[in-house]
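Chain residues, written in single-letter form:
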Amino acid sequence: MIITLNESEQIVVNYVAQCRYDANVAKGSHKRGAASDMTGFQIDQQGFGGELAFCKAMNVYPDLTVFCRSALKGEDNGDCVVQGLRVDVKTSKKATSALWVKQGQKGCADAFALVTGTFPTFTVVGIASHEMVFVEGRKFDDQYVVDQDKLIHPDVFFSPVFF
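Residues numbered from 1 in each chain as written. Predicted model: local features only at pLDDT ≥ 70, side-chain atom pairs only at ≥ 80, totals over all residues. Heavy atoms only, no water.

Caption draft 1: View of the pairing of strand β8 (residues 143–146). Bridge count for strand β4 (residues 99–102) against β8 is 4 bridges, and the pairing is antiparallel. Across the sheet, V101 pairs through a bridge with Y144, a residue of β8. Two elements, strand β7 (residues 139–140) and β8, share 2 bridges in a ladder whose sense is antiparallel. Paired with F140 across the strands is Q143, a residue of β8. Hairpin geometry of β7 and β8 is characterised by an intervening segment of 2 residues between the two adjacent antiparallel strands and by a positive phi of about 55° at D141. (Pairing = 2+ DSSP bridges. Helix = DSSP H or I, 4+ residues; strand = E, 2+ residues; numbered from the N terminus.)

In structure tokens:
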């Protein structure tokens, strides 16, 4: 499912990304991924862009908050709610990326969605339930990894038959 954010949505993404970046810098936890060639703002832009693309695909409202929150401290409840389930959206520029979820995110969401692409065009790849992600056989260091072929299409995942 390919989603291209329109001009208005791109403005919202840039605003929220800048606010989130500024909040992270103010708290001293600004992002600059060691394996990333992106700035902290670009990481927030890419991440929130993926969140908004997923929300657009699911026809739900995104979490627009900009304050810092910690999954380890129980402050993070995912990025949106779809049919009563808290969903945390993971975004990757790499089209073939697996879904990577940090061990510390246990309990912060009922499901995890993978979105790939580059701002402003994204692909909603699929979803895995909390129970599908946190399986010992999927653990790699401090993260859990679910390959794309194990993810469930959102239309199936959120159908009445599936859950």
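Caption draft 2: Seen up close, the packing of helix α1 (residues 7–27) against helix α2 (residues 40–58). Interaxial distance between α1 and α2 falls to 8 Å at its minimum, and their mutual angle equals 135°. For the element pair α1 / α2, the angle class is oblique. Seen along the crossing, α1 lies across α2 with a hand that is right-handed. Between α1 and α2, the contacting residues are E9, V12, V13, N14, V16, A17, Q18, R20, Y21 and N24 on the first element and G40, F41, D44, Q45, F48, G49, E51, L52 and K56 on the second. Classifying every residue of the contact of α1 with α2 by side-chain character gives 8 nonpolar, 6 polar and 5 charged. (Axes fitted to C-alpha atoms, helices over the stretch in contact; angles between N-to-C directions. Parallel < 35°, antiparallel > 145°, perpendicular 65-115°, else oblique. Left-handed = near helix turned anticlockwise from the far one by under 90°. Contact = heavy atoms within 4.5 Å. Nonpolar A, V, L, I, M, F, W, Y, C, P; charged D, E, K, R; others polar.)

Caption draft 3: Just the sheet that holds strand β1 (residues 2–4), in detail. With mixed pairing, 5 strands are arranged side by side in an open sheet as β1-β6-β5-β3-β2. Of all strands in the sheet, those bounded by a partner on one side alone are β1 and β2 (80–82). Each strand axis lies, on average, 40° off the axis of its neighbour in the sheet, ignoring direction. Bridge analysis of strand β3 (residues 85–92) against strand β5 (residues 111–118) gives 6 bridges, and the strand direction is parallel. Bridging from a neighbouring strand, V89 pairs with A113 of β5. The sheet contacts of α2 involve β1, β2, β3, β5 and β6 (121–129), and relative to β3 the element is tilted by about 130°.

Caption draft 4: Focus on the nonpolar core. Among the nonpolar cores identified, the biggest contains 25 residues, and L5, F54, V82, V87, I127, F157 and F158 are the most heavily contacted of them. Counting only elements with at least two residues in this core, the list comes to α1, α2, β2, β3, β5 and β6. Per-element tally for this core: the top contributor is α2, with 6 residues. Within the second largest apolar cluster, 12 residues are counted, among which are L99, A109, F112 and V146. (Core = buried A, V, L, I, M, F, W, Y, C linked by side-chain atoms within 4.5 Å. Buried < 20%, exposed > 50% of the residue type's maximum accessible area, 1.4 Å probe, protein only.)

Caption draft 5: Broad picture of the environment of P120. The residue P120 is located in the loop between β5 and β6 in this model. In sequence terms P120 and I3 are 117 residues apart; their C-alpha atoms lie 8.3 Å from each other. Those residues in contact with P120 that sit more than four places away from it in its chain are I3, T4, L5 and Q10.

Caption draft 6: Here's a closer look at the pattern of salt bridges. On inspection of all chains with the given rule, the structure shows 5 salt bridges. Across the pair R20 and E51 runs a salt bridge whose closest N-O atoms are separated by 3.3 Å. Highlighted residues: R20 in helix α1 and E51 in helix α2, separated in sequence by 31 residues. E51 matches R20 in its accessibility class, with the two residues each being buried. (Salt bridge = Lys/Arg side-chain N within 4 Å of Asp/Glu carboxyl O.)

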